[in-house]
Amino acid sequence: MAVSIHPEWENILQDTFESVYFKALIHFVKSAYGSAKCFPPGKLIFNAFDLCPPEKTKVVILGQDPYHGPGQAHGLCFSVPRGVPHPPSLINIFKELEKDVKTPYPKSGNLSPWAKQGVLLLNTTLTVQANRAGSHQGKGWEKFTDQVIHILSNNYKNIVFLLWGSYAKQKIKIIDREKHFVLTSGHPSPLSANRGYWFGNSHFSKTNDYLTSKGKKPINWNL
């Protein structure tokens, strides 16, 4: 299975890639992809890491599972390829974006332009079986992505971590809040958003205000 990952990440994660648990994880993933339809396509499993190297990471947005419908997942949390209908959570993200920073509702759900500006769009589990949400949880991906968060927290500073929903909020314990800016809210899924836990969080403008205050170029959220 050929994958693509930025050389900076490949270098930083080399010891992890050689670890016993990660080799077992990759064995599971190869077996899963060989026996059933899984997402994202193999070459895009590390797409978030390929588009956003650690030295350029300004913002981390945490998702949970990749989308498990055909043609949706492409290795970036909440994102779908151009031309694919926007899933409900992404619709609510765009509605909040539209209200918060007055950008027009995007036609494309592809968030690659954010990634290329330094937004690490990280699912905590990087693969999933088609039509089976959560099917690849508990296999080692969470340990791997926790290590990634830990690396960013320990070795860099002034990163904005956007933690949406109860699952993402659990990661607060591995982020150094003396060095970084953490914003939390409800999840953008309709269940949470419609209860008033998502809309109005102003995370996009707050992120840019913080980046600007630290002398960093703000994110152009316009797609």
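Read on for a plain summary of the structure. (Residues numbered from 1 in each chain as written. Predicted model: local features only at pLDDT ≥ 70, side-chain atom pairs only at ≥ 80, totals over all residues. Heavy atoms only, no water.)

Scanning the protein for helices and strands turns up 10 helices and 6 strands. A globule of 223 residues ought to have a C-alpha radius of gyration of about 17 Å, and the protein, at 17 Å, matches this closely. Counting across all 223 residues of the protein, residues that qualify as buried make up 54%. Restricting the contact set of the protein to residue pairs at least 6 apart, pairs at least 24 apart contribute 67%. Surface accessibility of the protein: about 10,400 Å² in total, with carbon and sulfur atoms responsible for 51%. Taking the 26 positively charged and 15 negatively charged side chains of the protein as two groups, their mean positions are separated by 6 Å. (Helix = DSSP H or I, 4+ residues; strand = E, 2+ residues; numbered from the N terminus. Rg over C-alpha atoms; globule rule 2.2 N^0.38 Å. Buried < 20%, exposed > 50% of the residue type's maximum accessible area, 1.4 Å probe, protein only. Contact = heavy atoms within 4.5 Å. Areas by Shrake-Rupley, 256 points an atom, 1.4 Å probe, with all protein chains shown as cover. Lys, Arg positive; Asp, Glu negative; His and termini not counted. Charge placed at Lys NZ, Arg CZ, Asp CG, Glu CD.)

Evaluation of the coordinates by the stated rule reveals 20 aromatic pairs. Summarising the aromatic geometry, the rings of Phe22 and Phe144 are spaced 5.3 Å apart at their centres and angled 50° between planes, so their arrangement reads as tilted. Here Phe144 lies in helix 7 (residues 141-155) and Phe22 lies in helix 3 (residues 20-35), a separation of 122 residues in the sequence. The burial state of Phe22 is the same as that of Phe144; both residues are buried. Where Phe78 meets Trp164, the ring centres are 5.6 Å apart and the plane angle is 50°; that geometry is what we call tilted. Remark: Trp164 occurs in strand 5 (residues 160-164) and Phe78 occurs in the loop between strand 2 (59-63) and helix 5 (88-101); sequence separation between them is 86 residues. Both residues of the pair, Phe78 and Trp164, belong to the buried class. (Phe/Tyr/Trp six-rings, centres within 6.5 Å; stacked < 30°, edge-to-face > 60°.)

For the rest of this paragraph, the subject is the sheet that holds strand 5. Sheets are built from strands that pair by backbone hydrogen bonding, the pairs being arranged parallel or antiparallel. With parallel pairing, 4 strands are arranged side by side in an open sheet as 3-2-5-6. The open sheet has two edge strands, strand 3 (119-123) and strand 6 (181-185), and neither has a second partner. Across the sheet, the mean angle from the axis of one strand to that of its neighbour is 20°, orientation sign disregarded. Sitting on the sheet, helix 7 touches strand 2, strand 3 and strand 5, and the angle it makes with strand 3 is about 155°. (Pairing = 2+ DSSP bridges. Axes fitted to C-alpha atoms, helices over the stretch in contact; angles between N-to-C directions.)

Approximately 440 Å³ is the volume found for the largest pocket. Broken down by element, the lining of the largest pocket gets its largest block of residues, 3 residues, from helix 8 (residues 166-169). Taken together, the residues that form the lining of the largest pocket break down as 13 nonpolar, 13 polar and 1 charged. As for the second largest pocket, its lining consists of 13 residues, and the residues nearest its centre are Val3, Phe17, Phe22, Ile26 and Phe46. Mapped onto the lining of the second largest pocket, the elements with two or more residues apiece are helix 2 (14-17) and helix 3. By residue number, the principal contributor to the lining of the second largest pocket is helix 3, which donates 4 residues. Looking at the lining of the second largest pocket residue by residue, the classes come out as 10 nonpolar, 1 polar and 2 charged. (1 Å grid on protein atoms, 1.4 Å probe; cavity = no way out; pocket = protein on both sides within 12 Å on 5 of 7 lines; lining within 4 Å. Points joined across faces, edges and corners; volume = space filled by probe spheres on them. Nonpolar A, V, L, I, M, F, W, Y, C, P; charged D, E, K, R; others polar.)

Time to look at the side chain of Thr57. For Thr57, the position within the fold is in the loop between helix 4 (47-51) and strand 2. There is a polar contact of 3.0 Å between the side chain of Thr57 and the backbone oxygen of Pro53. (Polar contact = N/O pair within 3.5 Å; in protein donor to acceptor, adjacent residues only side chain to side chain.)

Our next topic: the pattern of salt bridges. Scanning the entire structure with this criterion turns up 2 salt bridges. For Glu18, the salt bridge identified is with Lys23, shortest N-O distance 3.7 Å. As a salt-bridge pair, Asp146 and Lys171 come within 2.7 Å of each other at their nearest N and O atoms. With a gap of 25 residues between them, Asp146 in helix 7 and Lys171 in the loop between helix 8 and strand 6 connect regions that are remote in the sequence. (Salt bridge = Lys/Arg side-chain N within 4 Å of Asp/Glu carboxyl O.)

A word on the nonpolar core. Core analysis: the largest hydrophobic core is formed by 66 residues, its most contacted members being Phe49, Ile61, Trp114 and Phe144. Apart from residues lying up to four places away in sequence, Ile61 is in contact with Cys77, Phe78, Trp114, Val119, Leu120, Leu121, Leu122, Leu162 and Trp164. (Core = buried A, V, L, I, M, F, W, Y, C linked by side-chain atoms within 4.5 Å.)

Before going further, it helps to examine helix 10 (residues 203-213). By the burial criterion, the buried members of helix 10 are His203, Phe204, Ser205, Thr207, Asn208, Tyr210 and Leu211. Packing partners of the buried residues in helix 10 comprise strand 2, helix 5, helix 6 (112-116), strand 5 and strand 6. Gly215 sits one or two residues past helix 10 and shows a positive phi near 75°.

Such coordinate-based values are descriptive only and should not be taken to indicate function.
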